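# Summary of structural features
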Amino acid sequence: MLENTVITAMRDRLMDPDVFRVFAEEFVTEWNKAQAEAAAGIVAKQAELARIDDELKRLVDAVAKGSLPQPGVKERADACLSRKAQLEEELATAVTPAPRLHPQLPDLYRDRLAALSAALATESTMAARAQLRALVEEVTLVPEDGALRVQVRGELG
């Protein structure tokens, strides 16, 4: 039965405590680092946009006060307006970074698998199925070299 294959693979391959702990710690660290970098990029663009807005305001104020335009002012204003448009476009299409993962995520996963194992030890298949559904969103069978490979997607990492 497919459910037994998935459960056995999860229990045998993912629950070696040392392997799982190292994997989970590395995964959480790398995920959070990637999300922090994405957020930092957005913040940097927002800060640059604010600086450009300030510079454009100063240029407009200088012209409004009757200051004679200095050589290169129009080119600088054009460059600021071009960069401003580019930043606004990048920020409008920027993907919001995904939430950071809690460092205790490995413990939560381990607890869920323990609950699944406990449910499997009882005669209640409904409890085991509920525990399995909490961990697995989708199971796909993929033809590969004349056999079917089981692909599991969900809260497995």
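Residues numbered from 1 in each chain as written. Predicted model: local features only at pLDDT ≥ 70, side-chain atom pairs only at ≥ 80, totals over all residues. Heavy atoms only, no water.

Looking only at helices and strands, the chain features five helices and two strands. Taken across its 157 residues, the chain has 17% of its residues classed as buried. Considering only contacts in the chain between residues 6 or more positions apart, those separated by 24 or more positions represent 65%. Accessible surface, the chain: about 11,100 Å² in total, of which carbon and sulfur atoms supply 58%. (Helix = DSSP H or I, 4+ residues; strand = E, 2+ residues; numbered from the N terminus. Buried < 20%, exposed > 50% of the residue type's maximum accessible area, 1.4 Å probe, protein only. Contact = heavy atoms within 4.5 Å. Areas by Shrake-Rupley, 256 points an atom, 1.4 Å probe, with all protein chains shown as cover.)

On to the pairing of strand β1 (residues 136-144). Here β1 pairs with strand β2 (residues 147-154) via eight bridges, running antiparallel. By the bridge assignment for β2, Thr140 is matched with Gln151. Connecting the antiparallel pair β1 and β2 is a turn made up of two residues, with Asp145 showing a positive phi of about 50°. (Pairing = 2+ DSSP bridges.)

A cluster of acidic residues, Glu25, Glu26, Glu30 and Glu37, forms a negative patch on the protein surface. Inspection of the secondary structure assignment puts Glu25 in helix α2 (residues 17-64). Overall, Glu25 belongs to the partly exposed group, its relative accessible area being 42%. (Patch = residues over 30% accessible without salt bridge, like charges linked within 9 Å, V, L, I, M, F, W, Y side chains within 5 Å. Salt bridge = Lys/Arg side-chain N within 4 Å of Asp/Glu carboxyl O. Lys, Arg positive; Asp, Glu negative; His and termini not counted. Charge placed at Lys NZ, Arg CZ, Asp CG, Glu CD.)

This structure, assessed with the given rule, holds one aromatic pair. Aromatic pair Phe27 and Trp31: ring centres 6.2 Å apart, planes at 20°, arrangement stacked. Pair noted here: Phe27 and Trp31 are both in helix α2, with a separation of four residues, about one helical turn. For Phe27, a relative accessible area of 26% gives the class partly exposed. Taking the relative accessible area as the measure of exposure, Trp31 reaches 31% and is therefore partly exposed. (Phe/Tyr/Trp six-rings, centres within 6.5 Å; stacked < 30°, edge-to-face > 60°.)

Moving on, we get to the confidence of the model for the chain. For the chain, the mean per-residue pLDDT works out to 79, and 82% of the residues sit at or above 70. Helix α1 (residues 2-14) is the least confidently modelled element of the chain, averaging 66 in pLDDT, while helix α3 (residues 73-93) averages 92, the highest of any element. (pLDDT = per-residue confidence, 0-100.)

Attention shifts here to the side chain of Gln35. Looking at the secondary structure, you find Gln35 in helix α2. For Gln35, a relative accessible area of 11% corresponds to the buried category.

Turning our attention to the environment of Glu55. Of note, Glu55 is situated in helix α2. Reaching out from Glu55, the side chain makes a polar contact with the side chain of Arg76 at a distance of 2.6 Å. (Polar contact = N/O pair within 3.5 Å; in protein donor to acceptor, adjacent residues only side chain to side chain.)

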